[in-house]
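In case you want the letters, here they are:
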Amino acid sequence: MKAALRTAGWKASLLAVCLTASLGALAAEVPVAIGISGWTGFAPLTLADKAGIFKRHGLDVDIKMIPQKDRHLALAAGSIQCAATTVETYIAWNANGVPIKQIVQLDKSYGADGLAVREGISSVQALKGKTIGVDAPGTSPYFALAWILDKNGMSLKDVNTVTLSPQASAQAFTAGRNDAAMTYEPYLSTIRQQPQAGKVLVTTLDYPMVMDTLGCAPDFLQQHPQAARALVESYFDALEMIKAEPDKSYEIMGAAVKSSGKQFAESASYLRWQDREQNRKFFSGELEAFSNEAAKLLLEMKVIRQIPDIKSLYDDSYVK
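Residues numbered from 1 in each chain as written. Predicted model: local features only at pLDDT ≥ 70, side-chain atom pairs only at ≥ 80, totals over all residues. Heavy atoms only, no water.

## A few points about the state of the cysteines
Short version of the rule: Any cysteine sulfur atom paired with another within 2.5 Å is treated as part of a disulfide. We count a stretch as a helix when DSSP gives it H or I for four or more residues in a row; a strand needs E for two or more, and each element gets its number in order from the N terminus. Only protein chains enter the accessibility calculation, which uses a 1.4 Å probe; a residue whose area is less than 20% of its type maximum is buried, one above 50% is exposed, and one in between is partly exposed.
Counted by the stated rule, this structure contains one disulfide. Residue pairing for C82: its cysteine sulfur links by disulfide to C216, the two sulfurs lying 2.2 Å apart. Here the disulfide of C82 and C216 is right-handed, its torsion about the S-S bond being about 100°. Taken together, the positions of C82 in strand 3 (residues 82–86) and C216 in strand 10 (residues 211–216) put the pair 134 residues apart, joining distant regions of the chain. Of the residues examined, C82 reaches a relative accessible area of 0% and is grouped as buried.

Have a look at this one:
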């Protein structure tokens, strides 16, 4: 009897080892490279990577830090299969021949993106003829600046722009260069912490137009739907970890952008990561409504030549 039990136990152990090896082989067969930046809203993806959440879901994920202006090039070249970026960016990428489909909303900015100006500039209209440091056309800061100007009866033609990454824009501003800077967290906080350099004039609390999603190439979604679903579930698990172990989570996420856990937590206070229920609401109408308005502005800006089919830019099945 004991021999039979030992044999059964050995067989069960062998089966468990085989299943584990099989899952490992499956993950190795479906590598997933994700292009992101140091934007605070993307940090749960970094947490999922560093804390082993992706691996627990059978994924072999490679997080690649790629500037937003270059992320679509990496996607087109096949060096990444998925990317995190702002909603209006999907319109531009798809319209310009780089197909990508949104599968989960990551965050909404609540003051995490902002326009900083020198003392003496008290309104958006006062920026006419001024020089603003902002990222390249096709990026979130460039769109955000255009959106803010448009809401104030102005356009990018009314200001002078200097192309600088969000980090470089903030650094240039605090160093005394340019009249204004369009940037986002964690770099916007460097301006908040140096009031002698200037002030934050408006943010996404005044103009709520920055929201981010994770999207993947349509052929990847078609070939590996379970991997895509695992990515989404990993993101939601990362949010649960942040709730359960905030200090540990902030330290991990902060380390990725060379900041302390405390500094990262402050940066994160200016945005809201979106859970499953918030995602369902977002995909049920909010995403389409915003995309339609954003597409018209992108057309006016000549970032796109025609508006793509907005309904083709997302797949809500992964958050249901």
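## Brief notes about the pattern of salt bridges
Convention followed: By salt bridge we mean one thing: a side-chain nitrogen of Lys or Arg within 4 Å of a carboxyl oxygen of Asp or Glu.
On inspection of all chains with the given rule, the structure shows nine salt bridges. Close ionic contact of R276 with E233 constitutes a salt bridge, the shortest N to O distance being 2.9 Å. With R276 in helix 13 (residues 276–300) and E233 in helix 10 (residues 225–244), the pair connects residues that are 43 residues apart, well separated along the chain. With a closest N to O distance of 3.1 Å, E288 and K311 form a salt bridge. Linking E288 in helix 13 with K311 in the segment after helix 13, this pair joins segments that are 23 residues apart in sequence. The exposure class of E288 is partly exposed, given its relative accessible area of 23%.

## Focus: helix 4 (residues 68–77)
Where we set the bar: Directions are taken from the helix axis to each C-beta atom, and the arc is the one they span.
Listing the buried residues of helix 4 in full gives Q68, R71, A74 and L75. For helix 4, the angular spread of the buried residues around the axis is 100°, confining them to a single face. In helix 4, those exposed residues whose orientation departs by more than 90 degrees from the buried face are A76 and A77. Following helix 4 by one or two positions, G78 has its phi on the positive side, about 85°.

## Details of the pairing of strand 8 (residues 180–184)
Note the following rule: Strand pairing requires that DSSP identify at least two bridges connecting the strands.
Burial analysis of strand 8 places five of its five residues in the buried class, which makes it a mostly covered element. Sheet topology places strand 5 (residues 113–117) next to strand 8; five bridges connect them, and they run antiparallel. Each bridged residue has a counterpart across the sheet, and for G114 the counterpart in strand 8 is T183. Pairing of strand 6 (residues 131–134) with strand 8 involves two bridges; the strand directions are parallel. Note on strand 8: the bridge partner recorded for I132 is A180.

## Considering unusual backbone geometry
Omega for the bond connecting E185 with P186 falls within 30 degrees of zero, at 10°, which places this linkage in the cis form. Relative to the elements of secondary structure, P186 occurs in the loop between strand 8 and helix 8 (187–192). Located in the positive-phi region is N178, a residue other than glycine, with phi close to 75°. With respect to the secondary-structure elements, N178 resides in the loop between helix 7 (166–174) and strand 8. The phi angle at K302 is positive, at roughly 65°, despite the residue not being glycine. Within the secondary structure, K302 is located in the segment after helix 13.

## Details of the environment of E119
Counted only if it meets this: By definition, residues are in contact when any of their heavy atoms lie within 4.5 Å.
If you trace the backbone, E119 turns up in the loop between strand 5 and strand 6. In this structure, the C-alpha to C-alpha distance between E119 and H72, residues 47 residues apart in sequence, is 37 Å. Setting aside chain neighbours within four positions, we find E119 in contact with G198 and K199.

## Here's the deal with the nonpolar core
This is how the line gets drawn: Throughout this description, the term nonpolar core refers to a set of buried Ala, Val, Leu, Ile, Met, Phe, Trp, Tyr and Cys residues connected via side-chain atoms within 4.5 Å.
Residues I34, L231 and W273 are the most contacted members of the largest nonpolar core, which totals 107 residues. Examining the composition of this core, we find that eleven residues originate from one element, helix 10, more than from any other.

## Some details on the sheet that holds strand 1 (residues 31–36)
Backbone hydrogen bonds are what pair the strands of a sheet, in a parallel or an antiparallel way. What counts, and what does not: For helices, the fitted line uses only the C-alpha atoms of the stretch in contact; every axis is such a line through C-alpha atoms, and the angle between N-to-C directions lies from 0 to 180 degrees.
Taken together, the six strands give an open sheet; going across it, the order is 2-1-3-10-4-11, and neighbouring strands pair in mixed fashion. Edge positions in the sheet fall to strand 2 (60–65) and strand 11 (271–273), since each has one partner strand and no second. Neighbour-to-neighbour, the strand axes of this sheet turn through a mean angle of 25°, independent of strand direction. This element, helix 2 (residues 43–50), spans strand 1, strand 2, strand 3, strand 4 (101–109), strand 10 and strand 11 of the sheet and lies at about 135° to strand 2. The sheet contacts of helix 13 involve strand 4, strand 10 and strand 11, and relative to strand 4 the element is tilted by about 95°.

## Details of the packing of helix 10 against helix 11 (residues 246–255)
Rules: Angles below 35 degrees are treated as roughly parallel, those above 145 as roughly antiparallel, those between 65 and 115 as roughly perpendicular, and all remaining angles as oblique. Charged means Asp, Glu, Lys or Arg here, nonpolar means Ala, Val, Leu, Ile, Met, Phe, Trp, Tyr, Cys or Pro, and polar covers whatever is left, Gly included.
One can describe the packing of helix 10 onto helix 11 by two numbers: an axis separation of 5 Å at closest approach and a directional angle of 120°. In terms of orientation, helix 10 and helix 11 fall into the oblique class. Between helix 10 and helix 11, the residues in contact are M241, I242, K243 and A244 and P246, K248, S249, Y250, I252 and M253, respectively. Looking at the contact of helix 10 with helix 11 residue by residue, the class counts come to seven nonpolar, one polar and two charged.

These results come straight from atomic positions and should not be treated as a statement about function.
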